[in-house]
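# Observations on the model geometry
Take a look at the letters that make up each chain.
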Amino acid sequence: MPDDWRRALAVVAHPDDLEYGCSAAVAAWTDGGREVVYVLATRGEAGIDTIDPATCGPLREREQRASAAVVGVSEVEFLDHRDGVVEYGPALRRDIAAAIRRHRPELVITLNHRDTWGGVAWNTPDHVAVGRATLDAAGDAGNRWIFPELAEQGLEPWDGVRWVAVAGSSSPTHAVDATPGMERAVRSLLEHRAYIEVLTDQDPEEYCRTFLTANAQAAAPRFGGRPAVAFEVFSR
Ligand SMILES: [Zn+2]
């Protein structure tokens, strides 16, 4: 995994996408003094069947901020697209390009933008839309003329994104050692307690640990036998 960078911006659709995807890597990066900011397209307000969106949005926002703090991330932004029906298109690209210009990262992280998780495990439309728009916005952020209104708002072009790393890809190319950050990744996912308690009857901590260690273990054979957080890295 490239390590000659200072700032990363992680852009995903929902609260918990980063915690299921790659927070062990984020913990290792912030330990090393790197700065990571989270941007979420939605507040995940449609994610819990038994809680109506007006109540659910603020609850999941609180859980997301707490889970980010566990892995050393203090800045979490929400773009306020509507959960479940995020549309790929210029509006989403512009919002993400604006976030990239605000934070000026060298590394951008997102979640699987492909139709499936591999095989026949269908992805969700929000992940596909946000992943694709993030890959595109890395270029849009550097172009003065695609969204000229951003420069008018004082957001000057930033053409400094060198890589977009996609977590949860079925074709990973790079990886980060998951072991140093694993314990915090478990606690970070555990902060999404309201979501997890509805999702499973299992003890929440056991559920988080089992899920994340199995994921890291599944990546190990391709990356020297060590548990890993894997990414598909697109260089720019
Ligand atoms: Zn999601």
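Above this text you will find the structure in question.
What this report covers is the structure whose coordinates are included nearby. The written sequence of each chain sets the order in which its residues are numbered from 1. Only residues with pLDDT of at least 70 get local features here, since the model is predicted, and only at 80 or more are side-chain atom pairs given and counted; chain-wide, interface and lining totals rely on the full set of residues.

## Structural notes on the overall build of the protein chain
Think of it this way: any DSSP run of H or I at least four residues long counts as a helix, any run of E at least two long counts as a strand, and we number them from the N terminus. In terms of regular secondary structure, the protein chain is built from nine helices and seven strands. If you line up the protein chain on its principal axes, its C-alpha atoms span 50 × 45 × 35 Å. Burial status across the protein chain gives 46% buried among its 236 residues. Residues are scored as being in contact if the C-beta atoms we place from backbone atoms lie within 7 Å. In the protein chain, of all internal contacts separated by at least 6 residues, the share reaching a separation of at least 24 is 77%. Exposure in this text rests on C-beta crowding, where 20 or more other C-beta atoms within 10 Å of a residue's own make it buried, 12 or fewer make it exposed, and counts in between make it partly exposed. The C-beta atoms are placed from the backbone.

## Points about the nonpolar core
Residues enter a nonpolar core if they are buried, belong to Ala, Val, Leu, Ile, Met, Phe, Trp, Tyr or Cys, and are joined to the set through C-beta atoms within 7 Å. Counting 64 residues, the largest nonpolar core has Ala10, Val11, Ala24, Val26, Ile100, Val108 and Val229 as its most contacted members. In this view, Val26 contacts Leu18, Val36, Val71 and Val73; residues no more than four positions away in its chain are not counted.

## Observations regarding the sheet that holds strand S1 (residues 7-12)
One requirement defines pairing of two strands: DSSP has to find at least two bridges between them. The seven strands are arranged S3-S2-S1-S4-S5-S7-S6 in an open sheet whose pairing can be described as mixed. Of all the strands in the sheet, just strand S3 (76-78) and strand S6 (174-177) have a single pairing partner and so form its edges. With strand direction ignored, the average angle separating the axes of adjacent strands in the sheet is 25°. Bridging between strand S2 (residues 35-40) and S3 involves three bridges; their strand directions are parallel. Its bridge partner being in S3, Tyr38 is matched across the sheet by Val76. The sheet contacts of helix H3 (residues 53-70) involve S2 and S3, and relative to S3 the element is tilted by about 150°. Working convention: axes come from line fits to C-alpha atoms, limited for helices to the stretch in contact. Angles between N-to-C directions cover 0 to 180 degrees.

## Structural notes on the pairing of S2
Relative to S2, S1 runs parallel, the two sharing six bridges. Bridging from a neighbouring strand, Leu9 pairs with Val37 of S2. What joins S2 to S3 is H3, and the crossover it makes is right-handed. Seen with the strands pointing away from the viewer, any crossover whose path from the first strand over the helix to the second strand runs clockwise is right-handed.

## Structural notes on unusual backbone geometry
Within the chain, Asp80 stands out as a residue other than glycine whose phi angle is a positive 60°. Taking the number of C-beta atoms within 10 Å as the measure of exposure, Asp80 has 12 and is therefore exposed. A positive phi angle, near 50°, is found at Arg104, a position not held by glycine. As for its position among the elements, Arg104 is in the loop between helix H4 (90-103) and strand S4 (107-111).

## Comments concerning the pairing of S1
Here is the key point about a regular strand: its side chains alternate between the two faces of the sheet. The element S1 is extensively covered by neighbouring structure, given that five of its six residues are classed as buried. Here S1 runs beside S4; their pairing, made up of four bridges, is parallel. Note on S4: the bridge partner recorded for Ala10 is Ile109.

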